[in-house]
Amino acid sequence: MTTLRLRPEGPADAAPIRQVLAAAFARPDARRPPEVGLVEDLRADDAWLPGLSMVGESGGEIVGYALLSRVRVRPTAVPALALGPVAVAPHRQRIGHGTAVVQAVLDAAREFDEELVVVLGAPAFYRRFGFVPARRFGLTSPWSGLGDPWQALLLTPAGPDGPAVRPGEVLFPAPWGQV
């Protein structure tokens, strides 16, 4: 078995990332999954943060992907990050590649001194990284009504007065409107 090499996305990775996203999110009712357009549109948006788009490469092939992009928490406009999309090529799923790319991008966010990440996804998967229901922090979004899949992770330890997260509405950049 070849090892998985984790690294930030580079300029030559756009097409292979598009292929992984298209395969991972393929649906019979959509010619092109919206996650493909989301990543392409985020690359051209102020929400894009170089170094927070991570690929997993095996045998020279990109097989995994995880992206963090900028969001804001209103009313104070506190910066935070949104995790997603996360994708693994179908022929490489369920062998730890998704876990590896998510851990790598979260580690990169810590290196950039980021404090908060939100995600909409399977609680059983994201719990392993420390995500909890976002309602515990008083964070809302268009996806709050979905309950536990709307999650948050505090990347820095809470201070003596409790969590550093202030309640508020998470505002996503325009490209997220297509998902």
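Scoring rules and cut-offs
- Residues numbered from 1 in each chain as written.
- Predicted model: local features only at pLDDT ≥ 70, side-chain atom pairs only at ≥ 80, totals over all residues.
- Heavy atoms only, no water.
- Helix = DSSP H or I, 4+ residues; strand = E, 2+ residues; numbered from the N terminus.
- Polar contact = N/O pair within 3.5 Å; in protein donor to acceptor, adjacent residues only side chain to side chain.
- Contact = heavy atoms within 4.5 Å.
- Buried < 20%, exposed > 50% of the residue type's maximum accessible area, 1.4 Å probe, protein only.
- Pairing = 2+ DSSP bridges.
- Phe/Tyr/Trp six-rings, centres within 6.5 Å; stacked < 30°, edge-to-face > 60°.
- Core = buried A, V, L, I, M, F, W, Y, C linked by side-chain atoms within 4.5 Å.
- 1 Å grid on protein atoms, 1.4 Å probe; cavity = no way out; pocket = protein on both sides within 12 Å on 5 of 7 lines; lining within 4 Å.
- Points joined across faces, edges and corners; volume = space filled by probe spheres on them.
- Nonpolar A, V, L, I, M, F, W, Y, C, P; charged D, E, K, R; others polar.

A.B. asks: Mind laying out the side chain of glutamate 114, listing which residues take part and the relevant values?
C.D. replies: Turning to its location among the elements, glutamate 114 is positioned in the loop between α3 (97-111) and β5 (116-120). Here arginine 70 takes part through its side chain, which lies 2.7 Å from a polar atom of the side chain of glutamate 114. Those residues in contact with glutamate 114, other than ones at most four positions away along the chain, are Arg70, Leu81, Ala109, Leu155 and Thr156.

A.B. asks: Could you give an account of the pairing of strand β2 (residues 53-58), with specific residues and numbers?
C.D. replies: Burial of β2 is extensive: six of the six residues sit out of reach of the surface. Along β2, one buried face is formed by Ser53, Val55 and Glu57 and the opposite face, lined by Met54, Gly56 and Ser58, is buried too. Relative to β2, strand β1 (residues 5-8) runs antiparallel, the two sharing four bridges. Residue pairing across strands places arginine 5 opposite glutamate 57, the latter belonging to β2.

A.B. asks: Describe in detail the environment of arginine 74, supporting the description with residues and values.
C.D. replies: When you line up the elements, arginine 74 lands in strand β3 (residues 61-74). We classify arginine 74 as partly exposed; its relative accessible area is 42%. Spatially, the C-alpha atoms of arginine 74 and glycine 98 are 30 Å apart, while their sequence positions differ by 24 residues. If sequence neighbours within four positions are ignored, arginine 74 has contacts with Pro167, Gly168, Glu169 and Leu171.

A.B. asks: Would you mind going over the packing of aromatic side chains in detail, with residue names and values included?
C.D. replies: Tallied over the full model, the rule gives eight aromatic pairs. Seen in terms of ring centroids, tryptophan 143 and phenylalanine 172 are 4.8 Å apart; in terms of plane orientation they differ by 90°. Their pairing is edge-to-face. In this pair, tryptophan 143 sits in the loop between β7 (139-140) and β8 (150-154) while phenylalanine 172 sits in the segment after β9 (168-171), placing the two residues 29 residues apart along the sequence. The same class applies to tryptophan 143 and to phenylalanine 172, which are both buried. Pairwise contacts between aromatic rings join Phe125, Tyr126, Phe129 and Phe131 into one cluster.

A.B. asks: Residue-level account of the nonpolar core, with values.
C.D. replies: If you look at the biggest cluster of nonpolar residues, it comprises 31 residues, and the most contacted ones within it are Tyr65, Val118, Leu139, Val170 and Phe172. Secondary-structure elements contributing two or more residues to this core are α1 (14-24), α2 (34-43), β3, β4 (78-88), β5 and β8. Of all hydrophobic cores here, the second largest spans 22 residues; its members include Leu68, Leu81, Leu83 and Val86.

A.B. asks: Can you tell me about the layout of surface pockets, naming the residues and giving the values?
C.D. replies: The volume enclosed by the largest pocket comes to roughly 750 Å³. Secondary-structure elements contributing two or more residues to the lining of the largest pocket are α2, β4, α3, β5 and α4 (123-126). Looking at the lining of the largest pocket element by element, the count peaks at seven residues for β4. Looking at the lining of the largest pocket residue by residue, the class counts come to 21 nonpolar, seven polar and three charged.

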